[in-house]
Amino acid sequence: QVQVAESGGGLVQTGGSLRLSCAVSGRTFDSYTMGWFRQTPGKEREFVAAIDWSGGIINRADSVGRFTISRDNAKNTVYLQMNNLKPEDTALYYCAAAIRILGTASSDPRGYGYWGQGTQVTVSS
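Residues numbered from 1 in each chain as written. Predicted model: local features only at pLDDT ≥ 70, side-chain atom pairs only at ≥ 80, totals over all residues. Heavy atoms only, no water.

Q: What is the right way to read the side chain of Ser21 from this model?
A: Within the secondary structure, Ser21 sits in strand β3 (residues 18-25). Residue Ser21 is classed as buried on the basis of its relative accessible area, which comes to 17%. Setting aside its immediate chain neighbours within four residues, Ser21 contacts Ala5, Glu6, Ser7, Trp36, Thr77, Val78 and Tyr79. (Helix = DSSP H or I, 4+ residues; strand = E, 2+ residues; numbered from the N terminus. Buried < 20%, exposed > 50% of the residue type's maximum accessible area, 1.4 Å probe, protein only. Contact = heavy atoms within 4.5 Å.)

Laid out in structure tokens, this is it:
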């Protein structure tokens, strides 16, 4: 059974940094795209960043230069380094593992079949 577990959320001030981690167990990690999404109450889940098996990366436009996704295949872990955080980044952040092996990075949540419970990020102004 595939399990996805996020950690690293918290409360920071505007301009601060956080690094989210996501550990995956239950299947081969290095052959699958991993993604980060976020959601605020009353809104749809939105894409943040994704990294595929070859290291290909895509980011949401307003996070370029601030958020960096990376993966450590030896540790079965994907990271999201978030710098220069803004109040509008406040959300529940989810990590997700893609369904299809050796796929390219995607922002479409329908391509991800395994989701964690989320970790809360709160940025105070």
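Q: Would you mind going over the pairing of strand β5 (residues 46-51) with me for this structure?
A: A regular strand places its side chains so that they alternate between the two faces of the sheet. Taking burial as the measure, the 6 residues of β5 include 5 buried ones, the bulk of the element. Between the end of strand β4 (residues 32-39) and the start of β5, which pair antiparallel, lie 6 residues, with Gly42 showing a positive phi angle near 85°. Across 3 bridges, the pairing between β5 and strand β6 (residues 57-59) is antiparallel. Note on β6: the bridge partner recorded for Ala50 is Ile58. The loop that links β5 with its antiparallel partner β6 comprises 5 residues; one of these, Gly55, has a positive phi angle of about 95°. (Pairing = 2+ DSSP bridges.)

Q: Can you walk me through the environment of Gly10 in this structure?
A: Looking at the secondary structure, you find Gly10 in strand β2 (residues 10-13). With relative accessibility at 24%, the residue Gly10 sits in the partly exposed group. Separated by 113 residues in the primary sequence, Gly10 and Val123 have C-alpha atoms spaced 8.4 Å apart. Residues within four places of Gly10 in sequence aside, it is in contact with Leu18, Gln120, Val121 and Thr122.

Q: I keep staring at the pattern of salt bridges and nothing clicks. Help me out?
A: Pairing is possible between side chains of opposite charge, provided their charged atoms come close. A complete count under the given rule lists 6 salt bridges for this structure. Of the charged contacts in the structure, one is a salt bridge between Glu46 and Arg60, with a shortest N-O distance of 3.7 Å. Taken together, the residues span a long stretch of sequence, with Glu46 in strand β5 and Arg60 in the loop between β6 and β7 (67-72) at a distance of 14 residues. Residue classification places Arg60 among the buried residues on the basis of a relative accessible area of 19%. Beyond isolated ion pairs, a larger network of salt bridges with shared partners links Arg38, Glu46, Arg60, Asp62, Arg66 and Asp89. (Salt bridge = Lys/Arg side-chain N within 4 Å of Asp/Glu carboxyl O.)

Q: Can you walk me through the sheet that holds β3 in this structure?
A: Taken together, the 4 strands give an open sheet; going across it, the order is β1-β3-β8-β7, and neighbouring strands pair in antiparallel fashion. The sheet is open, and its two edges are formed by β1 (3-7) and β7, each paired on a single side. Within the sheet, the average angular offset between the axes of one strand and its neighbour, ignoring direction, is 15°. Of the pairings in the sheet, the one linking β1 to β3 comprises 5 bridges and is antiparallel in character. Of the residues in β3, the one forming a bridge with Gln3 is Ser25. (Axes fitted to C-alpha atoms, helices over the stretch in contact; angles between N-to-C directions.)

These values are about where atoms sit, not about what they do.
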